[in-house]
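What follows is the residue order along each chain.
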Amino acid sequence: MTNTLNLIPEPVSVETGTGTFVMTNATPLVCGDGCQKAGAFAANVLQLKQDAGSNSGAVSLKLVAGSTTAEGYTLSVTPEAINIVASDEAGLFHGIQTLRQLLPAEHVAQRSADAEIPAVTINDYPKFSWRAVHLDVCRHFFDVTFVKKYIDLLAFHKMNIFHWHLTEDQGWRVEIDAYPKLTEVSAWRESTPIPENRTVQDGKPYGGFYTKDDIREVVAYADSLGITVLPEIELPGHTIAVLAAYPELGCVGEGYKVRTEWGIEDDVFCAGNDEVFVFLEKVFDEILELFPSEYIHIGGDECPKVRWEKCHKCQARMEEEELHDEEELQSWFIGKIGNYLHNKGRKMIGWDEILEGGLPEGAAVASWRGTEGGITAAKQGHEVVMCPVTHCYFDYYQSEDRENEPPAFYYEIPKEQQEQWGMTFVGLLPMKKVYEFDPLVGVPEEYHSFVVGGQSNLWSEYIPTSQQAEYQAYPRGAAIAETLWSPMPDSGRDFDAFIGRLSHHLKRLDALGVNYRFPKEHIDQ
Ligand code: ACM
Ligand code: ZN
C-alpha cells in the first residue's frame, strides 16, 4: 500500500480520494450519542465547536454497533464532510488521532488556522488489543505534568495502556492512607548513583510521590483520551523501601533502608508473616479505588529467596502449606494476592517469574526475559503480553556509538556467563530492531489467541529528567506502535517505508514538543 499520508501506525486500508476538506473555525463538530468523551477531545485538538443542529460541512463522530471490530474505525474525508464511525468509543479516539495526523504537521498539537485535509477513506483496527507503554517513576520520579504528556504521546500513537510502575526498592510513589510512612519514609532515599557511573553516588537526598488527587487527575486525564492506566505494585520482591518504613514485614525485621543502588535487593516481604497480607490487602483496597483498570500488575520479578531459606516463619509456612521449595512459596504468595484481586473483580498480571513454582490460576504473564516464559504461559492457556528485552527495553542505548549518546542501561555479561546468556552484553536496542518486534514469533499457531499484545518498558535508572525520558521513548515508541497496531504484511514489515513515513512524523513530534532522538543513521538531518 503506498500513499503520501505518512501515517504512523500505518492503517489497515487507505483509499485516497480527490480534493480536500478545509477545516475552519466555522466547521461544526457533530457528536452522536455516547460520543461525549471523544467529542470533547476532538473539539480540543481540532479547535472546533460542538453543534447539535448542523450536519453539513461538519466533522461528525458516530457510534454504530457492529460497524467495526473492537477499537476499529472508519474515517472518511470528502471535500464536503469528515465522518468517523466506530462501534466503540476507543475506535472514535483512534479515528480522531488519525485525523490529527492528516492535518499539516504544525497543527498537530492544536489546529491554529484554516487547515486542508486530503480526501481519503480509511478502514482501520488494531492487530493486538494490549498495546502498553510502561514508565518507571521510582528510580527517578516524573511529575504529573510530564506523565500527562507521556500519555498524550502514547495515545497519539494508538497505544491504549499506560503501565505505571509505582513501587520499587528505591522509592514508593503512591499515597496510601492506611500506611502514611510509605510516603513519609519509603518515598525518599539518601542518595542516587550518577548516570555516568553506577558505582558512584551523588550523595543527594531524592524522592517524591503522587498524592491521591494526583493519581485521580492522571487516571481521569488518561480516560479523557481513551487510555487505561495499569498500576504496578511490586511483590514479593523490589520492596525494601516498604521494609524501611515497616520493618516487621521483612524476614529479618530490622536494618532496612530505601535502596540507593540499582540492581536486585535480597530483602523482600516475609512470606510467613500474616501481617504482610493484611498490609497488601489494605494497599490493594486503596489502589483498586483509585484505578478502574481490569488488570492490576503485581510485579513478581527478581525475588531472591535467600531470606526465605533462612526465615523460620517462611519455612513454617512452607510446611503448613505443603510447599516443596521457595519457588512454590513464591507461587503461593502470588496466588493468594491473585485470589484477593479476583474476588474484587479484577485480573492479575505479573512479570514472567510468576511462572516459577506454578502459574497461579487466571494470571496473565508479561514475558520480559525473552519470550520463552510467554510461550510456556500461552501453552497453559494464560493471557500473555510480550515485552522481551531484545525488542522492548527502551532504557537501552539506541546506537552502538555509546560515546556520543547520553548514559543509558548497558551491562557486559561476565565471560563465564556469556555462553549461558548466548550474548556478551545487554543494552543496545536500535529502532530497526524494535520495528522487527513480532509478539507471535515462536508461539505455535494454536496458541496465538493467548498473546494479547506487547509493550515497551522504560526503566529509569539512567533517566534523571523528563527530557531524557522522551529521548529514550521516541522515535522507538513510533516503531513499536506500528508493530502492535498494523497488520503484518506477507512480505514482512518494510523498514524503509516506515522510515519514509517517520521522516514526516518527526515534524509532528516537533510540533508536540517531543525531545526525541533524531535517527541520523536513517534520515539526513
Ligand atoms: C524487569 O525488567 N525486571 C521486569
Ligand atoms: Zn520470612
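Located above this text is the structure these notes cover.
Participant: Please set out the overall build of the protein residue by residue, giving values where relevant.
Facilitator: Check the secondary structure of the protein and you find 17 helices and 23 strands. Seen through its principal axes, the protein has C-alpha atoms that stretch 75 × 50 × 50 Å. Burial analysis of the protein (525 residues in total) assigns 57% to the buried set. Contacts spanning at least 24 positions in sequence make up 71% of the contacts within the protein whose residues lie at least 6 apart. With an accessible surface of roughly 21000 Å², the protein has 48% of that area assigned to carbon and sulfur atoms.

Participant: Kindly report on the packing of helix α3 (residues 144-156) against helix α15 (residues 466-473), identifying the contributing residues and their values.
Facilitator: Contact pair α3 / α15: the axes reach a minimum separation of 11 Å and the direction vectors enclose 15 degrees. The angle between α3 and α15 falls in the class roughly parallel. Crossing geometry of α3 relative to α15 is assigned as right-handed. Here Phe146, Lys149 and Tyr150 of α3 lie close against α15, whose contacting residues are Ser466, Ala469, Glu470 and Ala473. In the contact of α3 with α15, the residues fall into 4 nonpolar, 1 polar and 2 charged.

Participant: Tell me about the sheet that holds strand β8 (residues 130-136), residues and numbers included.
Facilitator: Read around the barrel, 8 strands follow the order β8-β9-β16-β17-β18-β19-β20-β23 and close on themselves; strand pairing throughout is parallel. The average undirected angle you get between the axes of adjacent strands in this sheet is 30 degrees. Alignment of strand β16 (residues 228-235) against strand β17 (residues 295-299), held across 2 bridges, turns out to be parallel. Of the residues in β17, the one forming a bridge with Leu235 is Gly299. Here helix α16 (residues 476-485) sits on the sheet in contact with β8 and β23 (451-456), set at roughly 175 degrees to β23.

Participant: A description of the pattern of salt bridges should follow, citing residues and the corresponding values.
Facilitator: Going through the model one piece at a time under the given rule, you end up with 25 salt bridges. A salt bridge links Glu461 to Arg139, with the shortest nitrogen-to-oxygen separation between them at 3.6 Å. One end of the pair, Glu461, is in the loop between β23 and α15; the other, Arg139, is in the loop between β8 and α3, and 322 residues separate them in sequence. Judged by relative accessible area, which is 11%, Glu461 ranks as buried. By relative accessible area, Arg139 is classed as buried at 4%.

Each value, and the rule that gives it
- Residues numbered from 1 in each chain as written.
- Chains lettered and ligands numbered in written order.
- Predicted model: local features only at pLDDT ≥ 70, side-chain atom pairs only at ≥ 80, totals over all residues.
- Heavy atoms only, no water.
- Helix = DSSP H or I, 4+ residues; strand = E, 2+ residues; numbered from the N terminus.
- Buried < 20%, exposed > 50% of the residue type's maximum accessible area, 1.4 Å probe, protein only.
- Contact = heavy atoms within 4.5 Å.
- Areas by Shrake-Rupley, 256 points an atom, 1.4 Å probe, with all protein chains shown as cover.
- Axes fitted to C-alpha atoms, helices over the stretch in contact; angles between N-to-C directions.
- Parallel < 35°, antiparallel > 145°, perpendicular 65-115°, else oblique.
- Left-handed = near helix turned anticlockwise from the far one by under 90°.
- Nonpolar A, V, L, I, M, F, W, Y, C, P; charged D, E, K, R; others polar.
- Pairing = 2+ DSSP bridges.
- Salt bridge = Lys/Arg side-chain N within 4 Å of Asp/Glu carboxyl O.

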